[in-house]
Amino acid sequence: MSSQTIKEVDAVVLGAGFAGLYMLHQLRSKGFSTVVYEAGDGVGGVWYWNRYPGARCDIESIYYNYTFSKELYEEWTWTSRFPEQKEILQYLNYVADRFQLREDIQFNTRVNAAHFDEELNKWLIDLNDGQQVLAKYFITGIGCLSAANIPKIEGLQQFNGKWYHTGHWPHEQVDFTGKRVGIIGTGSSGIQAIPVIAKVAKHLTVFQRTPQYTIPARNHPYDDGFIKETKQNFEMLKQAMRNSVSGTPFAQNHQSAMEDSDVTRQEVFENAWTQGGFAFSTTYHDLLTNEQSNEQAAEFIRSKIKQIVKNPAIAEKLCPTYMYGTKRQVLDSDYFETYNRENVLLVDVKESPIKKITETGIQTIDKHFDLDIIIFATGYDGMTGPLFKIDIQGKDGVTLKDKWEDGASVQTYLGLTTAGFPNLFMITGPESPSVLVNMPIAIEQHVEWIAQCIDYLRKHDIDVMETKIEAEEAWSKHCREIANGTLYVKGDSWYTGANIAGKPRSFLIYLGGFDYYTKRCNEVAQNNYEGFKLMKLKSIS
Ligand code: NAP
């Protein structure tokens, strides 16, 4: 093929969220020509798309931001403990302006395909506007949860009302006043949206398939003194987060829940419940490795649900029975309290499955529910879903989907690269710590590693970097071994792919700790990128 008429850059980056913005900043500051393609008309990634009522982060705002710039940290002031979507989006817009990133972002543009051209040793990228671009490096920053799951329920197209998915919420305000609303799904998104919508809608019907263990977020505004102290401690916080197990500066608890007496354990759980946030999940180190400890945590939360929800039959339906934490821990604001409202109805769709959507609402096997609005809070095809939406083709015409057998045999090296796909990097890719770590910190570590790697390749005149198969086999084996020692793999969740009909089951999050992971990535770099084949064009031809 001829490359004469095609735009050419050093790097193409996908997505203008936390990952894409920082990747652009890093590469540009090292002098690489870079373009970011973003499907939305603004920056923000997940925070651009998730505008549903009640959307907010479940990591505390003072930790959920970039740490690469002390000035940026000092300039930006968060208003509350758990920031609202709007505020995070404002932050990312501020970052984009502060570092003049917009000039290298092409909005409203999707990458349909990226094929590695083995003659040119470059990625040929097809955009949805028919344009093509050539890049030496192809970097995905598309997140782990950007492929929406809209269940195939018969009749959706004939529904006369409006319907929305939480992850593709319209930019204009959705008015629930006087409306009969139905919401399907009680994960993080549904649980955040339900209390907010219930306050405005005439009536809200919640279609629940699996109840959740959710903990009060206990959000509150920050006071000036706290913010001042946090900013003064920036360097310490940054190091604590970057050297931690989870990307947050919390000390690890090494105690088993079974080592405490029943009374002490209740106190520990009660304190964490009062404190709110993720404190509960860190009360004991073995909640996700020891079934007995897990059941203690589960039973504590069930007892809370029964205390809060006045109608015992509804409380019983809201009590989860699966192993605590094997689905993502949800944080809420008045979720269980919402079921004490007269305008809220809980429908258990395991008991009474949804049969179809009609012109006027939802028909379960028992009853028809008249609705004006249906909300799908039904989650995402996680981890591999966003990557499989793009036709990514490596050497010998093999696509990523083919290589990974639709997700049945995912193999990566450090969650960053995969054999047969030279010069491709995945920010927070499968088998990296990703979603079980504070994401902006995980992203920064990946972005900095990739930028340093590309810089190294330039300095050493290396044109093509390719993962050795034995390196990725060893990494994937290591990931699986750690995951198999935990209860996560036993859960039916988007972590395991069990939420998507027909998706092969696999657990693609590295659980060995962010600190160990970072050390391992650094060792690979220090050892001149061990595990990779580094090739100069002269030696290839
Ligand atoms: P999710 O956790 O996968 O929850 C989806 C919900 O929809 C589940 O209750 C699921 O039931 C239900 N569902 C799916 N298909 C269904 C069907 N055909 N019929 C009935 N119910 C169905 O998705 P999410 O709530 O969007 O959250 C995904 C992840 O995004 C979270 O785990 C979190 O990592 C992230 N997130 C974070 C925040 C935050 O920071 N606070 C907010 C939103 C999302 P089953 O459980 O039975 O599958």
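Criteria and thresholds
Residues numbered from 1 in each chain as written. Predicted model: local features only at pLDDT ≥ 70, side-chain atom pairs only at ≥ 80, totals over all residues. Heavy atoms only, no water. 1 Å grid on protein atoms, 1.4 Å probe; cavity = no way out; pocket = protein on both sides within 12 Å on 5 of 7 lines; lining within 4 Å. Points joined across faces, edges and corners; volume = space filled by probe spheres on them. Helix = DSSP H or I, 4+ residues; strand = E, 2+ residues; numbered from the N terminus. Nonpolar A, V, L, I, M, F, W, Y, C, P; charged D, E, K, R; others polar. Salt bridge = Lys/Arg side-chain N within 4 Å of Asp/Glu carboxyl O. Buried < 20%, exposed > 50% of the residue type's maximum accessible area, 1.4 Å probe, protein only.

### Comments concerning empty space enclosed by the protein
1) Next: The final tally for this structure, using the stated rule, is 4 cavities of 30 Å³ or more.
2) Next: In this structure, the largest cavity occupies an estimated 90 Å³ of space.
3) Next: In this structure, the largest cavity is lined by I62, N65, Y66, L72, Y73, W76, T77, W78, Y91, I227, T230 and K231.
4) Next: Secondary structure elements with two or more residues in the lining of the largest cavity: α3 (70-75) and α6 (224-232).
5) Next: No other element matches the 3 residues that α6 contributes to the lining of the largest cavity.
6) Next: Residues of the lining of the largest cavity, tallied by class, amount to 8 nonpolar, 3 polar and 1 charged.
7) Next: Quantified by volume, the second largest cavity comes out at close to 60 Å³.
8) Next: Taken together, T140, I142, G143, C144, M383, L387, M426, I427, T428, G429 and P430 form the lining of the second largest cavity.

### As for the pattern of salt bridges
1) Next: Tallied over the entire structure, the rule returns 29 salt bridges.
2) Next: The partner of E8 in a salt bridge is K122, with the nearest N and O atoms 2.7 Å apart. With E8 in strand β1 (residues 7-14) and K122 in strand β5 (residues 122-127), this pair connects stretches of sequence that are 114 residues apart.
3) Next: On the basis of relative accessibility, which here comes to 38%, the residue E8 falls in the partly exposed class.
4) Next: Close ionic contact of K459 with D455 constitutes a salt bridge, the shortest N to O distance being 3.0 Å. One end of the pair, K459, and the other, D455, are both in helix α14 (residues 439-459), 4 residues apart, so they sit about a helical turn from each other.
5) Next: What makes D455 buried here is its relative accessible area of 12%.
6) Next: In this structure, a network of salt bridges that share partners links the residues K519, R520, E523 and E530.

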